[in-house]
Amino acid sequence: MSVQKTQAWINLFAAALPMGAALIAGVTALAKQEGVSDEEINDITRRAVADSEQRARERDAMSRPSADAPTDHPPSDPEE
Amino acid sequence: MKKILIPIVLAIAAVSCAGLSVKQKAHNAHMSVRSALVAVDEFERGMCQPAPAAVNTCTAKPVLITDQQHQQVSRLLREAFEADARLGAAIIAWKPGAPVPTDLPSLEQLVTQLEQIALALSPTSAAAELITRVRALVSAVATTSAAFGGAR
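Not measured: the values here are computed from a predicted model. (Residues numbered from 1 in each chain as written. Chains lettered and ligands numbered in written order. Predicted model: local features only at pLDDT ≥ 70, side-chain atom pairs only at ≥ 80, totals over all residues. Heavy atoms only, no water.)

Visitor: Got a sec to walk through the overall build of chain A? Specific residues and values, please.
Guide: When its secondary structure is counted, chain A shows 2 helices and 0 strands. Among the 80 residues that make up chain A, the fraction classed as buried is 21%. Carbon and sulfur atoms make up 60% of the accessible area of chain A, which totals about 5,700 Å². (Helix = DSSP H or I, 4+ residues; strand = E, 2+ residues; numbered from the N terminus. Buried < 20%, exposed > 50% of the residue type's maximum accessible area, 1.4 Å probe, protein only. Areas by Shrake-Rupley, 256 points an atom, 1.4 Å probe, with all protein chains shown as cover.)

Visitor: An account of the overall build of chain B is requested, with residue identities and associated values reported.
Guide: Each helix and strand in chain B was counted, giving 5 helices and 2 strands. Secondary structure elements in chain B, listed N-terminal to C-terminal, are α-α-β-β-α-α-α. Going through the 152 residues of chain B one by one, you find that 45% of them count as buried. Here the analysis covers contacts within chain B between residues at least 6 apart in sequence; of these, 64% occur between residues at least 24 apart. (Contact = heavy atoms within 4.5 Å.)

Visitor: Help me get a handle on the state of the cysteines, residues and values and all.
Guide: Residue and element names in this part refer to chain B. With the rule as written, the count across this model stands at 1 disulfide over all chains. There is a disulfide in this structure between Cys-48 and Cys-58, and the S-S distance comes to 2.1 Å. Since a negative S-S torsion denotes a left-handed disulfide, the Cys-48-Cys-58 link at about -105° is left-handed. You can see Cys-48 sitting in helix H2 (residues 22-48) and its partner Cys-58 sitting in strand E2 (residues 54-58), a full 10 residues away along the chain. Assessed through its relative accessible area of 17%, Cys-58 is described here as buried. (Disulfide = S-S within 2.5 Å.)

Visitor: Could you give me a rundown of the confidence of the model for chain A, with the residues and numbers involved?
Guide: Summing up the model confidence of chain A, the mean pLDDT is 73 and the portion of residues at 70 or higher is 57%. Confidence drops under a pLDDT of 50 for residues 70-80 of chain A, and excluding neighbours within four residues, the segment shows 14 contacts in the predicted structure. (pLDDT = per-residue confidence, 0-100.)

Visitor: Lay out the nonpolar core in plain terms, naming residues and giving numbers.
Guide: Residue and element names in this part refer to chain B. In terms of nonpolar packing, the biggest core is built from 34 residues, with Leu-107, Leu-114, Leu-130 and Leu-137 touching the most fellow members. Elements with a minimum of two residues in this core: H2, helix H3 (67-93), helix H4 (103-120) and helix H5 (125-149). Look past the residues within four positions of Leu-130 in its chain and what remains in contact with it is Val-40, Phe-43, Glu-44, Met-47, Ala-118 and Leu-121. (Core = buried A, V, L, I, M, F, W, Y, C linked by side-chain atoms within 4.5 Å.)

Visitor: Describe in detail H4 of chain B, supporting the description with residues and values.
Guide: All names here are of chain B. Taking 1.5 Å of rise per residue, the 18 residues of H4 would be expected to cover 26 Å, and the 26 Å separating its terminal C-alpha atoms lies within 8% of that figure. Taken together, the buried positions of H4 are Asp-103, Leu-104, Leu-107, Leu-110, Val-111, Leu-114, Glu-115, Ile-117 and Ala-118. Buried residues of H4, viewed axially, fall in a sector of 165°; they line one side. Exposed residues on H4 whose side chains face more than 90 degrees from its buried face are Gln-109 and Ala-120. (Expected span 1.5 Å × (residues − 1). Arc of directions from axis to C-beta.)

Visitor: Quick rundown of the packing of H2 of chain B against H3 of chain B? Include the residues and the values.
Guide: All names here are of chain B. As a packed pair, H2 and H3 sit with axes 11 Å apart at the nearest point and diverge in direction by 160°. Between H2 and H3, the interaxial angle falls into the category roughly antiparallel. Note that H2 runs across H3; the crossing there is left-handed. Within the contact between the two elements, H2 uses Lys-23, Ala-26, His-27, His-30, Val-33, Arg-34, Leu-37, Val-38, Val-40, Asp-41, Glu-44 and Cys-48 and H3 uses His-70, Val-73, Leu-77, Ala-80, Phe-81, Asp-84, Leu-87, Gly-88, Ile-91 and Ile-92. Residue composition of the contact of H2 with H3, grouped by class: 13 nonpolar, 4 polar and 5 charged. (Axes fitted to C-alpha atoms, helices over the stretch in contact; angles between N-to-C directions. Parallel < 35°, antiparallel > 145°, perpendicular 65-115°, else oblique. Left-handed = near helix turned anticlockwise from the far one by under 90°. Nonpolar A, V, L, I, M, F, W, Y, C, P; charged D, E, K, R; others polar.)

Visitor: If you had to explain the pattern of salt bridges to someone new, which residues and values would you point to?
Guide: Here the structure, examined in full by the defined rule, presents 18 salt bridges over all chains. Between Glu-39 of chain A and Arg-46 of chain A there is a salt bridge, and its shortest N-O distance comes to 3.9 Å. Judged by its relative accessible area of 42%, Arg-46 of chain A is partly exposed. Members of the salt-bridge network, linked through shared partners, are Asp-51, Arg-55, Glu-58 and Arg-59 of chain A together with Arg-34, Asp-41, Glu-42, Glu-44, Arg-45 and Asp-84 of chain B. (Salt bridge = Lys/Arg side-chain N within 4 Å of Asp/Glu carboxyl O.)

Dropping the structure here:
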């Protein structure tokens, strides 16, 4: 093999090294992302739902027309 | 060599993404909707600074948002958080092949209305920031719709 061919192969491997490292990093990151189980998703989502419901209640009090003069106290239940 | 490797890397990445479950994709998109929704919620509260004794009125000086606008935004945010909660419940119960949750179109309508109110605010830097956050929300809702749509 000529010196030129050897040099060409060295250049090719040098160029491939960073690409290979990026590939391994990317696949590892994706593998971690895929690692979230359905149960974990459900747990996170349950907490998110509870927070959204709380914020909805707070925004309900904020959305009333000024004449209603609401307070930050929860409204009394008319059925009580 | 680089010309050969780049398509290979992209192809492997695409295959790996396709490997994510639809539920995982929908969950990721839903989380982005929630964080955008919470960002709008928090920022509007900061603009208004609701009175503790009458949370439907604002105390911020100078006035960045009127009481009426605060009430309109709050009504839409209440409905959006309710829709978001139902969407979350749908994701928990979601199974492959299930239809798109019906709350997605309503959420899209709500955030569009929210954008209209934000655009009608007096032009201040705070209003511009609110518009930016609402638009991020609009974008996140559209992404979530696409995530669920791809599941069909």
